[in-house]
Amino acid sequence: GPSWHQAALKADRQRAYDDFYAVAEKLVADGVTSRARLGIRGGSNGGLLVGNALVQRPELWGAVVCAVPLLDMRRYHKLLAGASWMAEYGDPDTNDWAYLQGYSPYHRVDPSAAYPPVLFTTSTKDDRVHPAHARKMVKRMLESGKGDTTRYYENVEGGHGGAADS
């Protein structure tokens, strides 16, 4: 609820990700699923969640779908609606970058990590989260030697929700 959300703003954002990981670990520990069969999907701010899950705890997931994601926390505020989210995340042009880089998936890709299969999706016409987030992340994953497990799809018609009318 609102109090949980307030407890995970700005420098405390990692709490939200740690809670997500704890739920995944509990599902595995209770035998509900296995890590190999546990897939996650998130879009927009949820894309930031699963983007962090990918780079911070890759061993927990069997697969990741990261849709219209926010991934570059160094430049998010310069793209489209990003400046309106600074109350949530902070201002990377200030000392806030010290904590923001901890949950900036784009900046945390590790070439030595064993990442699960991941699909990044975006929309050319997204007016909220710029498609550059997904494009840059895929490029970084490929440059890090993760081409075997990294996939990308960009819808040229849809908006932030990804849907398109014909």
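Here's what I pulled together on the structure shown here.

1. Looking at the overall build of the chain
Point 1. A count of helical and extended segments in the chain gives 6 helices and 4 strands.
Point 2. Listed by position from the N terminus, the elements making up the chain come as α-α-β-α-β-α-α-β-α-β.
Point 3. Projected onto its principal axes, the C-alpha positions of the chain cover 40 × 40 × 35 Å.
Point 4. Sequence separation of at least 24 residues holds for 67% of the intrachain contacts in the chain that already meet a minimum separation of 6.
Point 5. One way to put it: in the chain the 20 positive side-chain charges average out to a point 2 Å from where the 19 negative ones average out.

2. Digging into the environment of M73
Point 1. Topologically, M73 is positioned in the loop between β2 (63–67) and α4 (86–89).
Point 2. Distance from M73 to D91, taken between C-alpha atoms, is 9.1 Å for residues 18 residues apart in sequence.
Point 3. Ignoring any residue separated from it by four or fewer positions in sequence, one finds M73 in contact with L48, Y89, P92, W97, L100, Y103 and S104.

3. Some points on the pairing of strand β4 (residues 150–155)
Point 1. Note: strand β3 (residues 118–123) against β4, 6 bridges, orientation parallel. Pairing of L119 across the sheet is with R151, part of β4.

4. A closer look at the environment of R57
Point 1. Within the secondary structure layout, R57 lies in the loop between α3 (45–56) and β2.
Point 2. For R57 and R35, which are 22 residues apart along the polypeptide, the C-alpha to C-alpha distance reads 11 Å.
Point 3. Dropping the residues within four chain positions of it, R57 is found in contact with Y21, E25 and N52.
Point 4. A distance of 2.5 Å separates a polar atom in the side chain of R57 from a polar atom in the side chain of E59.

5. Concerning α3
Point 1. Here α3 contains 12 residues, and its C-alpha end-to-end distance of 16 Å stays within 8% of the 16 Å for a straight helix at 1.5 Å per residue.
Point 2. Buried residues dominate α3, accounting for 9 of its 12 residues.
Point 3. Of the residues making up α3, those classed as buried are G47, L48, V50, G51, N52, A53, L54, V55 and Q56.
Point 4. Looking at the buried side of α3, the elements it contacts are α2 (14–29), β1 (39–43), β2, α4, β3 and α6 (132–143).

6. Thoughts on the sheet that holds β4
Point 1. Spatial ordering of the open sheet is given by β1-β2-β3-β4, a layout of 4 strands whose pairing is parallel. Strands with a single pairing partner mark the edges of an open sheet, and in this sheet they are β1 and β4. Going across the sheet, the axis of each strand differs from the next one's by a mean of 10°, ignoring polarity.
Point 2. Contacts between α3 and the sheet are confined to β1, β2 and β3, with β1 contributing the most and set at about 140° to the helix.
Point 3. The strands touched by α6 within the sheet are β3 and β4, with β4 carrying the most contacts at an inclination of about 160°.

7. Regarding the pattern of salt bridges
Point 1. In the structure shown here, the tally under the stated rule is 10 salt bridges.
Point 2. When the shortest N-O distance is used, the salt bridge between D72 and R75 registers 3.3 Å.
Point 3. Assessed through its relative accessible area of 39%, R75 is described here as partly exposed.
Point 4. Here D93 makes a salt bridge to K78, at a shortest N to O gap of 3.3 Å. Here K78 lies in the loop between β2 and α4 and D93 lies in the loop between α4 and α5 (97–100), a separation of 15 residues in the sequence.
Point 5. Using a relative accessible area of 49% as the deciding quantity, one classes D93 as partly exposed.
Point 6. Since its relative accessible area comes to 56%, K78 is described here as exposed.

How each quantity is defined
Residues numbered from 1 in each chain as written. Predicted model: local features only at pLDDT ≥ 70, side-chain atom pairs only at ≥ 80, totals over all residues. Heavy atoms only, no water. Helix = DSSP H or I, 4+ residues; strand = E, 2+ residues; numbered from the N terminus. Contact = heavy atoms within 4.5 Å. Lys, Arg positive; Asp, Glu negative; His and termini not counted. Charge placed at Lys NZ, Arg CZ, Asp CG, Glu CD. Pairing = 2+ DSSP bridges. Polar contact = N/O pair within 3.5 Å; in protein donor to acceptor, adjacent residues only side chain to side chain. Expected span 1.5 Å × (residues − 1). Buried < 20%, exposed > 50% of the residue type's maximum accessible area, 1.4 Å probe, protein only. Axes fitted to C-alpha atoms, helices over the stretch in contact; angles between N-to-C directions. Salt bridge = Lys/Arg side-chain N within 4 Å of Asp/Glu carboxyl O.

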